[in-house]
Every structure is written in C-alpha cells, then in structure tokens.
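# Remarks on the overall topology
Take a look at the letters that make up each chain.
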Amino acid sequence: MYERTWTVRFSDTDPHGIAHYPRIVDALHETSDMFMQEIGFPFWELTGDYDFGFPLVDMQFEFKAPLHAGDDVRITLTPDPSTRAVRFEYEAYNGDTLAFSGYEQRVCAKTGGGGAVEIPDEIREKFVEYAEE
C-alpha cells in the first residue's frame with residue numbers, strides 16, 4: 001500500500017466550505033502520479049521509454065464524510081494488477097473517519113493505439129510488492 005497526505009486547501013472547497021469533488025479527483029490523480037514516480041516508473045516517462053501508458057478507463061468513488069479546508073487527509077492507494085490492467089484502490093481518512101473510498105481502473109495500452117498489452121514484469125512486480133504490504 002502506498003500512502004500520502006493531502007492537505008485540503010481553501011481553493012479546493014466550494015462556497016459551502018466543503019472539498020469539491022473535482023478537486024478530490026485531482027488529488028487522487030496526483031496520488032497515482034506520486035505512486036508511479038515512487039516505484040520508478042513515472043507516467044510521464046512511460047510513453048517515451050516503453051511506448052505505452054496506463055490510460056484511465058473507469059473510476060468510481062463513494063463519499064462518506066465531507067472534507068474541509070485545512071483537513072489533512074491520509075490517502076492510501078493499493079494496486080491490484082492483472083496481466084494487462086491495474087486497479088488502484090483508494091481509501092481516504094480524515095483522522096479516523098473514512099471520508100471516501102473507490103478505485104481507478106487503468107489499462108496498459110500501446111501509445112498511439114493498438115490496444116492493451118501486458119504489463120512489463122518489472123512494473124507488475126512493483127505493483128504486487130505494494131499490494132502485499
């Protein structure tokens with residue numbers, strides 16, 4: 001499992017002072033970016049170095065509790081890889097309270113079309129390593 005802290009900023013909130021869902025989605029995309037960088041395969045290098053990427057094909061989240069400016073939110077990402085795709089499962093906590101949970105489904109696909117390809121072993125091994133922690 002990968003973990004990071006996201007501090008909700010005033011600019012992340014709506015007129016009622018509650019974190020607006022597009023900003024939460026931005027925080028999750030940033031979390032997956034940070035995770036991929038930590039395992040040594042940043043999204044932005046994959047297309048040039050490996051000629052594939054991990055485009056987002058599905059996402060779903062369930063919101064349980066509101067978040068407000070100043071909240072320090074602990075976001076966890078647990079990868080669940082298959083041979084050609086990976087599902088990033090998320091949970092986000094404000095203190096001990098589950099604020100939301102959900103997932104992103106990403107497919108390993110050739111750059112410029114051509115469909116899904118198998119996740120290279122060295123990347124899949126990193127996904128499995130973080131899934132088992």
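Values in this document were obtained by computation on a predicted structure and should not be read as measured data. (Residues numbered from 1 in each chain as written. Predicted model: local features only at pLDDT ≥ 70, side-chain atom pairs only at ≥ 80, totals over all residues. Heavy atoms only, no water.)

## What to know about a negative patch on the surface
A cluster of acidic residues, E118, D121, E122 and E125, forms a negative patch on the protein surface. Position of E122 relative to the elements: it lies in helix α3 (residues 121-131). (Patch = residues over 30% accessible without salt bridge, like charges linked within 9 Å, V, L, I, M, F, W, Y side chains within 5 Å. Areas by Shrake-Rupley, 256 points an atom, 1.4 Å probe, with all protein chains shown as cover. Salt bridge = Lys/Arg side-chain N within 4 Å of Asp/Glu carboxyl O. Lys, Arg positive; Asp, Glu negative; His and termini not counted. Charge placed at Lys NZ, Arg CZ, Asp CG, Glu CD. Helix = DSSP H or I, 4+ residues; strand = E, 2+ residues; numbered from the N terminus.)

## Topic: the pairing of strand β5 (residues 85-94)
Within a regular beta strand, the side chains point alternately toward one face of the sheet and then the other, so they alternate between its two faces. Inspection of the sheet shows strand β4 (residues 72-81) paired to β5 by nine bridges, in the antiparallel sense. Opposite L77, over in β5, you have Y90 as the bridge partner. Connecting β4 to the next strand, β5, in antiparallel fashion are three residues. As paired strands, β5 and strand β6 (residues 97-107) are joined by ten bridges and run antiparallel to one another. If you follow Y90 over to β6, its bridge partner there is G102. Connecting β5 to the antiparallel partner β6 that follows it, the hairpin turn spans two residues, and G95 within it adopts a positive phi of roughly 65°. (Pairing = 2+ DSSP bridges.)

## A look at the environment of I39
Within the secondary structure layout, I39 lies in the loop between α1 (21-38) and α2 (43-50). Distance in space between the C-alpha atoms of I39 and V57 is 22 Å, their sequence separation being 18 residues. Those residues in contact with I39, other than ones at most four positions away along the chain, are K126, F127 and Y130. (Contact = heavy atoms within 4.5 Å.)

## Remarks on the nonpolar core
Ranked by size, the top nonpolar core spans 31 residues in total, and within it W6, F35, M36, F54, L67, F88 and F127 carry the most contacts. For this core, the secondary structure elements donating two or more residues are β1 (2-7), α1, α2, β4, β5, β6 and α3. A per-element tally of this core places α1 first, with five residues. Setting aside anything within four residues of it in sequence, one finds F127 in contact with F35, M36, I39, F54, P79, P81, V86, F88 and I119. (Core = buried A, V, L, I, M, F, W, Y, C linked by side-chain atoms within 4.5 Å. Buried < 20%, exposed > 50% of the residue type's maximum accessible area, 1.4 Å probe, protein only.)

## Some remarks on the pattern of salt bridges
Counting across every chain of the model gives seven salt bridges. R4 is the partner of E30 in a salt bridge, and the nearest nitrogen-oxygen pair spans 2.8 Å. Pair noted here: E30 is in helix α1 and R4 is in strand β1, with a separation of 26 residues, a long-range link. For E30, a relative accessible area of 39% puts it in the partly exposed group. Exposure remark for R4: the relative accessible area of 9% places this residue in the buried category. D51 is the salt-bridge partner of K110, the closest N and O atoms lying 3.5 Å from each other. With K110 in strand β7 (residues 109-110) and D51 in the loop between α2 and β2 (52-53), this pair connects stretches of sequence that are 59 residues apart. A relative accessible area of 34% places K110 in the partly exposed class.

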